[in-house]
Amino acid sequence: MRLKTLSALTMVAAFGLAGCANPDVYSGDVYGSGAAKQAQSVTYATVSSVRPVLIQSGDKNPNAIGTLGGGAVGGILGHQVGGGSGQALATAVGAIAGSMVGSRAEDKVNQVKAVEIEVRTDNGENLVIVQKADRNWQPGQRVRLVGSGRNLSVAPY
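In this report, the structure presented in the accompanying data block is examined. (Residues numbered from 1 in each chain as written. Predicted model: local features only at pLDDT ≥ 70, side-chain atom pairs only at ≥ 80, totals over all residues. Heavy atoms only, no water.)

1. Overview of the nonpolar core
Stated precisely, the cut-off is as follows: Only buried Ala, Val, Leu, Ile, Met, Phe, Trp, Tyr and Cys residues count toward a nonpolar core, and they belong to the same one when joined by side-chain atoms within 4.5 Å. Exposed residues in this analysis have more than 50% of their type's maximum accessible area, buried residues have under 20%, and partly exposed residues fall in between, with area computed by a 1.4 Å probe over protein chains only. Helix and strand assignments follow DSSP, with helices taken as H or I runs no shorter than four residues and strands as E runs no shorter than two, numbered in order from the N terminus. Whether two residues are in contact is decided by their heavy atoms: any pair within 4.5 Å suffices.
With ten residues, the main nonpolar core is built from Ala45, Val47, Val115, Ile117, Val119, Ile129, Trp137, Val143, Leu145 and Val154. Elements with a contribution of two residues or more to this core: β1 (42-56), β2 (111-121) and β4 (142-148). In terms of residue count, the dominant contributor to this core is β2 (three residues). Apart from the residues lying within four places of it in its own chain, the contact partners of Val47 are Ile117, Glu118, Val119, Gln138, Pro139, Gly140, Gln141 and Val143.

2. Describing the packing of aromatic side chains
Threshold: What counts as a ring pair is set by centres within 6.5 Å for rings of Phe, Tyr and Trp (its six-membered ring), and what kind of pair is set by the plane angle: stacked under 30 degrees, edge-to-face over 60, tilted for all other angles. Geometrically, a charge over a ring is one whose NZ (Lys) or CZ (Arg) sits within 6 Å of the ring centre while staying within 35 degrees of the ring normal.
Overall, the coordinates contain one aromatic pair when judged by the stated rule. Measuring from ring centre to ring centre gives 5.1 Å for Tyr44 and Tyr157, while their planes differ by 75 degrees; the resulting arrangement is edge-to-face. Taken together, the residues span a long stretch of sequence, with Tyr44 in strand β1 and Tyr157 in the segment after β5 (151-156) at a distance of 113 residues. Judged by its relative accessible area of 34%, Tyr44 is partly exposed. For Tyr157, a relative accessible area of 63% puts it in the exposed group. Sitting over the ring of Tyr157, Arg142 keeps its end group 5.6 Å from the ring centre.

3. With respect to the pairing of β1
The criterion, for reference: Strands are treated as partners if at least two bridges between them are detected by DSSP.
Strand direction decides the pairing type here: β1 and β4, joined by five bridges, are antiparallel. Paired with Thr43 across the two strands is Leu145, which belongs to β4. Bridge count between β1 and β2: eleven bridges; the pairing is antiparallel. Looking at the pairing, Ile55 lines up with Val112 of β2.

4. Some words on the pattern of salt bridges
In a structure, side chains of opposite charge can pair up when their charged atoms sit close to one another. To be explicit about the condition: The salt bridge definition used is simple: a Lys or Arg side-chain nitrogen within 4 Å of an Asp or Glu carboxyl oxygen.
Tallying each qualifying case throughout the model produces two salt bridges. Across the pair Arg51 and Glu116 runs a salt bridge, and its minimum N-O distance is 3.1 Å. Placement of the pair is Arg51 in strand β1 and Glu116 in strand β2, with a sequence separation of 65 residues. Accessibility expressed as a relative area gives 45% for Arg51, which makes it partly exposed.

5. Quick notes on the environment of Arg51
A sequence separation of 79 residues divides Arg51 from Val130, and the C-alpha atoms of the two residues are 9.4 Å apart. Filtering out sequence-adjacent residues up to four positions away, Arg51 remains in contact with Ala114, Val115 and Glu116.

6. Some remarks on the pairing of strand β3 (residues 126-132)
With seven bridges connecting them, β2 and β3 associate as antiparallel partners. Following the sheet pairing, Val115 is matched in β3 by Gln131. Adjacent in sequence and paired antiparallel, β2 and β3 are bridged by four residues, among which Gly124 carries a positive phi angle near 95 degrees.

Next comes the structure, spelled out in structure tokens:
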């Protein structure tokens, strides 16, 4: 009974921590602290096309929580099977399978629905910006591009 409780707590903790990722950082309405009180350039453009995409967050530490948590839970559950060398094999298989399942689960938890917005600026340049899908952008819509380089977002005009 104690192992089952530990297994459940480990799983809840692993997925709870994975759910702490803040997907709003990909929104055009959210500015990082470094952008506050800083001048931002504004360019005006027209939306050419919009396509739904996914942003895979968690790139810096990919699947660590899901892999470790899933491996621990799988190992604990596998250890409850059989005895002797069969139990050791079941523990190893459970840990490997749990790691794979945990990694895939964390991949899905860390995906953010987004849009790829292609725009044509007033000076004729074509750009593509990917940001969280928190608005309905339409081809032909006039927009403002705020920021520059790696920190550019599309905002309503």
